[in-house]
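So the chains spell out like this:
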Protein chains: 2
Amino acid sequence: MRIAIDAMGGDHAPAEIIAGALEAREVLKDENEIVLIGDEGVIREHLERLKSTPDLFRIFHAPEVIGMDEPPVESLRRKKRSSIGVMARAASHRQVDAVISAGNTGACVAGCQLRMRTLEGVHRPGIATVFPTRSGPVTLCDVGANIVCKPIHLYQYAVMSCVYAEEMLGISSPRVGLMNIGEEDAKGNELVKKTRALLKADSRINFVGNLEGRDIFEGAYDVVICEGFVGNVVLKTAEGLVDMIFRAIKDELMDHWMLALQFKKVMTNIYKKYDYNEYGGALLLGVNGTAVICHGSSKARTIKNAILASEKFYMRKINEKIIERLSQSGVVPNGQ
Amino acid sequence: MRIAIDAMGGDHAPAEIIAGALEAREVLKDENEIVLIGDEGVIREHLERLKSTPDLFRIFHAPEVIGMDEPPVESLRRKKRSSIGVMARAASHRQVDAVISAGNTGACVAGCQLRMRTLEGVHRPGIATVFPTRSGPVTLCDVGANIVCKPIHLYQYAVMSCVYAEEMLGISSPRVGLMNIGEEDAKGNELVKKTRALLKADSRINFVGNLEGRDIFEGAYDVVICEGFVGNVVLKTAEGLVDMIFRAIKDELMDHWMLALQFKKVMTNIYKKYDYNEYGGALLLGVNGTAVICHGSSKARTIKNAILASEKFYMRKINEKIIERLSQSGVVPNGQ
């Protein structure tokens, strides 16, 4: 397969992206090709610096870059030769089988939706991200692709995330939870109540019920479904809070360097156990292709893992399984 | 003033609630009365056990209790003599000036809304909770009172939360942020975009702009506004995550008891700096009265602080200031 990576996207691009591609190249089977997308001169320069043989990668030249804070759709339209734009077009022309970017998330999602289109039967793509918890990973979908969400979208996120959790994380019959503000049936807004009915109507979904924010980390759910607005706020609140807590601990340890040294080992162990970089990035489920969205802060190891994840996603034919699963589902949109 | 407290509500009721009332009694001025609401026999028994003089408190007898997981509105209707029901009625008859409960949040909010009604000019009450951050407290509103939210509701939450932050937390000209999934103007759903226009139209609001989940903890905002569904998920995600992180650290320290002992001191310092129990509970802003909602896990100290907070809220005439502020606002609902 041919895996394209946006060499210019992310806080540490292009150095860490290219380093990650090199790491992936070492473990990836020979028949798989990695395509670096970005300014050819800059990419070659970095490859030389990393002492890479020039023919390890194909390069698609894209002289423009969409900045992390630029308006997604407008930038895509204006910068026709941006790395994200060129990458999405390459996917739509079947020149590549998977696309990966740590750049502007909105532009990447918009580019993929626009160019790759949706899978047969899918109403809206959703971003599925994996949270590490004490008792294994939880897949949260959607974390920001779709902010005008209907019950049928949430229902399809559940189906797609289950296939994802089964195939990518090896979880059989994943326990599905619907994010809500209380566990009782009667709780929640119209979107949640109608989605609940759809989830219950599909006997192939192992639907456990509503859950509250705090339950995400309890290990009672393998898949958690919510609209993109809520999921995005959850994801970013979690990031901000983790950061605040560890900075608070660091502040306290400032004047106790012996303790700080010992505690560093403790932290290293915790990082290992709760390492979300291992999952490589978030899958944009429901697009007609393989699209991985990495965090802007991604370094080489995450990029390597994203490349390996895209290969696994493609080889396991997850999209074919999603189409099959949706075609067998008796749940009909019914104006929802 | 007369402060009523639901003696039967919360995970540690009635023991910790009554203990908290006793602690508050010691610091509260003599002219203020604390009213304990619940089963009179049970309350007297606990007061005796705590060696309290029987006439320190008034007691309103309420033989029924609404359980933490019972459906709010239905239970209120069925259990006419529940502590929350009796308390809300006492407030509506002006027998008490403030109500406090650590019991079923939904029932407490519903009871207060139903019996106390809303303040003049207020469309929907909202729950304002305070988050400790590295650089001071942030007031988040709404965290679950209102899940069918219109722009005018969010706008009014901003006005009410600003008065709250000014009067209760001593923050002048609070910096207001609107929770969104990106900082740019164009980002977000219709609710957020329309609210943004209302907030910008009121020059008395120090509106900074949109913020993302991670920014809550950065100290750039004093007031953060969001719909109840989102706020509730944020609050509970934060609770669950803090819990998971500290359990993870504890797990790691299991086999290092010397390090664990030293680290405990570090944690005690952090708890002191980031102690949300100090704020005593969340204010239900916009009801015609003073209503404090405490966490189900509240212990005596939190209850004491909630009682003191209700006194401060009442004495500072925050409701009068909210009415005044809203009446001067040029922002008209306009079908929103």
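Reading the values: rules and limits
Residues numbered from 1 in each chain as written. Chains lettered and ligands numbered in written order. Predicted model: local features only at pLDDT ≥ 70, side-chain atom pairs only at ≥ 80, totals over all residues. Heavy atoms only, no water. Least-squares fit on C-alpha atoms with pLDDT ≥ 70 in both. Contact = heavy atoms within 4.5 Å. Pairing = 2+ DSSP bridges. Helix = DSSP H or I, 4+ residues; strand = E, 2+ residues; numbered from the N terminus. Axes fitted to C-alpha atoms, helices over the stretch in contact; angles between N-to-C directions. Core = buried A, V, L, I, M, F, W, Y, C linked by side-chain atoms within 4.5 Å. Buried < 20%, exposed > 50% of the residue type's maximum accessible area, 1.4 Å probe, protein only. Domains from an automatic or database assignment. Buried area = accessible area lost by both parts, 1.4 Å probe. Salt bridge = Lys/Arg side-chain N within 4 Å of Asp/Glu carboxyl O. Polar contact = N/O pair within 3.5 Å; in protein donor to acceptor, adjacent residues only side chain to side chain. Nonpolar A, V, L, I, M, F, W, Y, C, P; charged D, E, K, R; others polar. Parallel < 35°, antiparallel > 145°, perpendicular 65-115°, else oblique. Left-handed = near helix turned anticlockwise from the far one by under 90°. Expected span 1.5 Å × (residues − 1). Arc of directions from axis to C-beta.

A. Structural view of the relation of the copies chain B and chain A. Superposition record for chain B on chain A: RMSD 0.0 Å, screw rotation 180 degrees, translation along axis 0.0 Å. A rotation of that kind, with that shift, is consistent with a two-fold axis. A shared interface surface links the copies, since 98% of the contact residues of chain B are contact residues in chain A too.

B. Just the sheet that holds strand E10 (residues 282–285) of chain A, in detail. Residue and element names in this part refer to chain A. In space, the eleven strands of this open sheet follow the order E3-E2-E1-E4-E11-E10-E5-E6-E9-E7-E8, with mixed pairing throughout. What marks the edges here is a single partner per strand, and that holds for strand E3 (58–61) and strand E8 (206–211). Strand after strand, the sheet turns through a mean of 25 degrees between neighbouring axes, direction not considered. Taken together, the six bridges between strand E5 (residues 126–133) and strand E6 (residues 136–141) define a ladder with antiparallel strand orientation. Counted as the bridge partner of Ala128 is Cys141 from E6.

C. Spotlight on the nonpolar core. Counting residues in hydrophobic clusters, the biggest one holds 239 residues, and the most contacted among them are Ile249 and Ile307 of chain A together with Ile249 and Ile307 of chain B. Tallying contributions element by element places helix H8 (residues 228–253) of chain B first for this core, with 13 residues. Residues in contact with Ile307 of chain B, not counting those within four places in the same chain, are Ile3, Ile5, Gly20, Ala21, Ala24, Leu28, Ile34 and Ile100 of chain B.

D. Region of the structure containing the domain arrangement of chain A. Residues and elements named next belong to chain A. Considered domain by domain, chain A is made up of domain 1 (2–122 + 286–321) and domain 2 (127–276). Relative to domain 2, the C-alpha centre of domain 1 lies at a distance of 25 Å. Contact residues are listed per partner, giving 15 residues for domain 1 and ten residues for domain 2. Surface buried jointly by domain 1 and domain 2 totals about 1,100 Å² across both partners, of which 60% is contributed by carbon and sulfur atoms. The largest contributions to the domain 1 side of the interface with domain 2 come from His295, Ile318 and Lys321, which together make up 34% of the buried area. In this structure, the connection of domain 1 to domain 2 is made through two salt bridges. A salt bridge links Glu167 to Lys321; its shortest N-O distance comes to 3.4 Å. Remark: the boundary between domain 1 and domain 2 carries five residue pairs in polar contact (both at pLDDT 80 or more). Those elements that place two or more of their residues in the side of domain 1 that touches domain 2 are helix H5 (105–116), helix H10 (300–315) and helix H11 (318–328). A per-class count over the side of domain 1 that touches domain 2 returns six nonpolar, five polar and four charged.

E. Highlighting the sheet that holds strand E2 (residues 33–38) of chain B. Residue and element names in this part refer to chain B. Strands sit in the order E3-E2-E1-E4-E11-E10-E5-E6-E9-E7-E8 across an open sheet of eleven strands; the sheet is mixed. Edge positions in the sheet fall to strand E3 (58–61) and strand E8 (206–211), since each has one partner strand and no second. The sheet shows a mean angle of 25 degrees between the axes of neighbouring strands, taken without regard to direction. As defined by bridge partners, strand E1 (residues 2–6) adjoins strand E4 (residues 98–101) across three bridges and the pair is classed as parallel. Note that in E4 the partner of Ala4 across the bridge is Val99.

F. Seen up close, the packing of helix H8 (residues 228–253) of chain A against helix H9 (residues 257–273) of chain B. The N-to-C vectors of H8 of chain A and H9 of chain B enclose an angle of 120 degrees; their axes lie 10 Å apart at closest approach. Judged on the interaxial angle alone, H9 of chain B and H8 of chain A are oblique. Every pair of crossing elements has a handedness; the one defined by H8 of chain A and H9 of chain B is right-handed. Touching Ala248, Ile249, Glu252 and Leu253 of chain A of H8 of chain A are Phe263, Val266, Asn269, Ile270 and Lys273 of chain B, all from H9 of chain B. Here the contact of H8 of chain A with H9 of chain B is built from residues that sort into six nonpolar, one polar and two charged.

G. Looking closely at helix H7 (residues 190–201) of chain B. A rise of 1.5 Å per residue sets the reference length of H7 of chain B, with its twelve residues, at 16 Å; its end C-alpha atoms lie 17 Å apart and thus fit the reference within 8%. Buried within H7 of chain B are the following residues: Leu191, Val192, Thr195, Arg196, Leu198 and Leu199 of chain B. Projected down its long axis, H7 of chain B shows its buried positions confined to an angular sector of 165 degrees, all on one face. Across H7 of chain B from its buried face, at more than 90 degrees, point the exposed residues Glu190, Lys200 and Ala201 of chain B. Contact partners of the buried residues in H7 of chain B: H8 of chain A together with helix H6 (151–169), strand E7 (175–179) and E8 of chain B.

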